[in-house]
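Observations on the model geometry
What follows is each chain in one-letter form.
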Amino acid sequence: MTPIPWTRRHVLTLRDFTRPEYTLLLQTASSFQQVLARRNRKVPTLQGRIVVNLFFESSTRTRTSFELAAKALSADVVNFTASTSSVTKGETIFDTTRTFLAMGMDIVTVRHRDSGVPQAIAHDLEQLGSTVCVINAGDGQHEHPTQGLLDLFTLCHLLDPTDPRPELLAGKKIAIVGDILHSRVARSNLWSLQACGAEVHLAGPPTLLPKEFSSLGATLHYSLEPALENADFVMTLRLQKERMGDYLLPSLREYHHFYGLTHERLKWCRPDVRLLHPGPVNRGVELSSELLDDPRLSLVSQQVTSGVAVRMALLYLLGGGKVA
Ligand code: NCD
C-alpha cells in the first residue's frame, strides 16, 4: 500500500486513524530510529520552530520523550509545568496557550487530568485563526494517542525490524490486563491494534472493566487464564489510584493474587510471548518485579526507546520537513 500524504493538523485521538496513516507513521518512525542510532542524533527539520510541552499533570516518559524528539529535530522547546506557572495565580488554560501563541509557538503537546482539554485547546486556537498543531499527550481517561502509536511501533518493529508495518499484527492475539476503566492507554491501543487487524482481549476485575468495552470490539474476561491463553502479546496497566474512587478493589495484594502477571502465568500464552507496560510500574502489583526485569520477555525499555522516534515522526509529519 502506498502511504497517503499526511493531512492532519492535530493528533487528538486514534479513533479515526486510517491504515495508510499508520503505515506512514511507522515508516517515518523507522527512519527516525535510524537517525537516533547515529553519532549525531540531530536533524535540522524543525529549526526555528517552537514546540511547547504543556503538562498539567505529572509525567516522566512522555514529557521527556517529546522534549528529546523536538530537540533531535532542532526545534526550540519550552517545557511548561503547571505547578510553577501563572495557572497557580488563577490564569485559565486558554489564556496560558494564548500566551505561548503570542510568543510564536508552532506545535503544542498537552497533558491534562481532565478528558477533552487538548480538544478544547485545539478548538480555541482554531477560533483564533491560528495554524498551531495540537498533540494530545494524555487527557484524563480518554486517550493517549502517542502511547498507542509507540506501542504499535514497538510491536511491528519486533515482528519486522526492516519494515515495521500494520499488517504484521493481523490475527495476533493481544491481551490488555488491569485497570481498563481509568486507562487512556487502553482506549488508544484498542483503536490502533484493532485497526491493524489484531484481536484485542481485555481482562480485569469487573469494577475496572465495564462491559461497555465489548461494544468497542474487544473480548472481555474477568479472569486471567482465558485472556492469556495463546496470547502473542500481553500489555499490563498500572492501577490508576489517582483516578479511582474508594471500594473498587479490596486490596492491592488481592489484585496481584488474581490479576498480577508472573512468569508462571505467562506460560498460558504462546511460547514466544512478549510483555508491554506503558509505565510507570508498580512492582509487585500489576506484575512481578522479576518479570519486569526479564529482558527475554519484557519490551518495556524498547517502548520507551520507540517513544522518541515515534514522537519525532509525529512532530515531523505535523511540522513538515525532510527526514535526513
Ligand atoms: C500512562 C499515562 O500517563 O497515561 N503513562 C505514560 O504516559 N507512559 C499510564 C499511567 O499513568 O499509568
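No experiment lies behind these values; they were computed from the predicted model shown.

A few words on the overall build of the chain. Scanning the chain for helices and strands turns up 11 helices and nine strands. Its C-alpha atoms give the chain a radius of gyration of 19 Å, within 12% of the compact-globule value 20 Å for 324 residues. Dimensions along the principal axes, computed over C-alpha positions, put the chain at roughly 55 × 45 × 35 Å. For the chain, buried positions account for 56% of its 324 residues. Partitioning the intrachain contacts of the chain with sequence separation of at least 6 by distance along the chain shows that 76% fall at a separation of at least 24. Working note: accessible area of the chain is about 13,900 Å², and carbon and sulfur atoms make up 52% of it. Separation between the mean location of the 34 positive side-chain charges and that of the 32 negative ones in the chain comes to 5 Å.

Okay, the pairing of strand E4 (residues 133-139) next. For E4, the tally of buried residues reaches seven of seven residues, placing the bulk of the element in the interior. Pairing of strand E3 (residues 107-112) with E4, which is carried by five bridges, proceeds in the parallel orientation. Within the sheet, the bridge partner assigned to Val110 lies in E4 and is Asn136. The β-α-β motif built from E3, the intervening helix H4 (residues 117-127) and the parallel element E4 has right-handed crossover chirality.

Glancing now at the packing of helix H5 (residues 145-159) against helix H6 (residues 184-195). Orientation of H5 relative to H6, taken along the N-to-C sense of each, is 50 degrees, at an axis distance of 8 Å. Taken together, the axes of H5 and H6 are oblique relative to one another. In this structure, the crossing between H5 and H6 has a hand that is right-handed. Of the residues in H6, those in contact with Pro145, Gln147, Gly148, Asp151, Leu152 and Leu155 of H5 are Val185, Ser188, Asn189, Ser192 and Leu193. Of the residues belonging to the contact of H5 with H6, the class tally is five nonpolar, five polar and one charged.

By the criterion of burial, strand E6 (residues 199-203) is predominantly enclosed, with four of the five residues buried. Direction of pairing for strand E5 (residues 173-177) relative to E6: parallel, over a ladder of five bridges. Across the sheet, Ile174 pairs through a bridge with Val200, a residue of E6. You can see the chain leave E5, run along H6 and come back into E6, and the turn it takes is right-handed. Pairing geometry for E6 and strand E7 (residues 219-221), over three bridges, is parallel.

A separate point is the packing of aromatic side chains. Inspection of the entire model under this criterion finds six aromatic pairs. One aromatic cluster is present, built from ring pairs that chain together Trp6, Phe17 and Tyr22.

Further remarks concern the sheet that holds E3. Pairing in this open sheet of four strands is parallel, and the strands run E2-E1-E3-E4 from one edge to the other. Two strands bound the open sheet, and with one partner strand each, they are strand E2 (76-81) and E4. For this sheet, the mean inter-axis angle between neighbouring strands, taken without regard to orientation, is 15 degrees. Inspection of the sheet shows strand E1 (residues 50-55) paired to E2 by six bridges, in the parallel sense. Note on E2: the bridge partner recorded for Phe55 is Thr81. The strands that helix H3 (residues 93-102) touches are E1, E2 and E3; relative to E1, the one it contacts most, it runs at about 160 degrees. Here H4 sits on the sheet in contact with E1, E3 and E4, set at roughly 165 degrees to E4.

Take the site of the ligand next. Taken together, Thr62, Arg111, His144, Gln147, Arg184, Val185, Arg238, Gln240, Pro278, Gly279 and Pro280 make up the full set of residues near the ligand. Within the side chain of Thr62, one N or O atom sits 3.0 Å away from an oxygen atom of the ligand. Within the contact set of the ligand, an oxygen atom lies 3.0 Å away from a side-chain nitrogen or oxygen of Arg111. Protein chains bury 94% of the 320 Å² of accessible surface belonging to the ligand in isolation.

Further remarks concern unusual backbone geometry. Trans peptide bonds make up most of the peptide bonds, and negative phi angles are found at most residues other than glycine. The residue after Gly279, namely Pro280, is reached through a cis peptide bond having omega -5 degrees. Mapped onto the fold, Pro280 is located in the loop between strand E9 (274-276) and helix H10 (289-292). A positive phi angle, near 60 degrees, is found at Asn230, a position not held by glycine. Within the element layout of this structure, Asn230 appears in the loop between helix H7 (224-228) and strand E8 (233-236). Classification of Asn230 as exposed rests on a relative accessible area of 51%.

Each assigned domain of the chain is listed with its residue range as follows: domain 1 (19-144 + 305-318) and domain 2 (145-300). Inter-centroid distance (C-alpha atoms) of domain 1 to domain 2 is 26 Å. Each side of the interface is counted separately: domain 1 has 27 residues, and domain 2 has 31 residues. Counting each side, the surface lost to burial between domain 1 and domain 2 is near 2,500 Å², with a carbon and sulfur contribution of 58%. Where domain 1 meets domain 2, there are two salt bridges. In this structure, the salt-bridge partner of Glu167 is Arg19, at a minimum N-O distance of 3.2 Å. Inspection of the region where domain 1 meets domain 2 yields 15 residue pairs in polar contact (both at pLDDT 80 or more). Going through the elements one at a time, helix H1 (19-36), helix H2 (61-72), E3, E4 and helix H11 (300-319) are the ones with two or more residues in the side of domain 1 that touches domain 2. Here the side of domain 1 that touches domain 2 takes eight residues from H1, the largest share from any one element.

Cut-offs and rules
Residues numbered from 1 in each chain as written. Predicted model: local features only at pLDDT ≥ 70, side-chain atom pairs only at ≥ 80, totals over all residues. Heavy atoms only, no water. Helix = DSSP H or I, 4+ residues; strand = E, 2+ residues; numbered from the N terminus. Rg over C-alpha atoms; globule rule 2.2 N^0.38 Å. Buried < 20%, exposed > 50% of the residue type's maximum accessible area, 1.4 Å probe, protein only. Contact = heavy atoms within 4.5 Å. Areas by Shrake-Rupley, 256 points an atom, 1.4 Å probe, with all protein chains shown as cover. Lys, Arg positive; Asp, Glu negative; His and termini not counted. Charge placed at Lys NZ, Arg CZ, Asp CG, Glu CD. Pairing = 2+ DSSP bridges. Right-handed = clockwise from strand over helix to strand, strands pointing away. Axes fitted to C-alpha atoms, helices over the stretch in contact; angles between N-to-C directions. Parallel < 35°, antiparallel > 145°, perpendicular 65-115°, else oblique. Left-handed = near helix turned anticlockwise from the far one by under 90°. Nonpolar A, V, L, I, M, F, W, Y, C, P; charged D, E, K, R; others polar. Phe/Tyr/Trp six-rings, centres within 6.5 Å; stacked < 30°, edge-to-face > 60°. Near = heavy atom within 4 Å. Polar contact = N/O pair within 3.5 Å; in protein donor to acceptor, adjacent residues only side chain to side chain. Domains from an automatic or database assignment. Buried area = accessible area lost by both parts, 1.4 Å probe. Salt bridge = Lys/Arg side-chain N within 4 Å of Asp/Glu carboxyl O.

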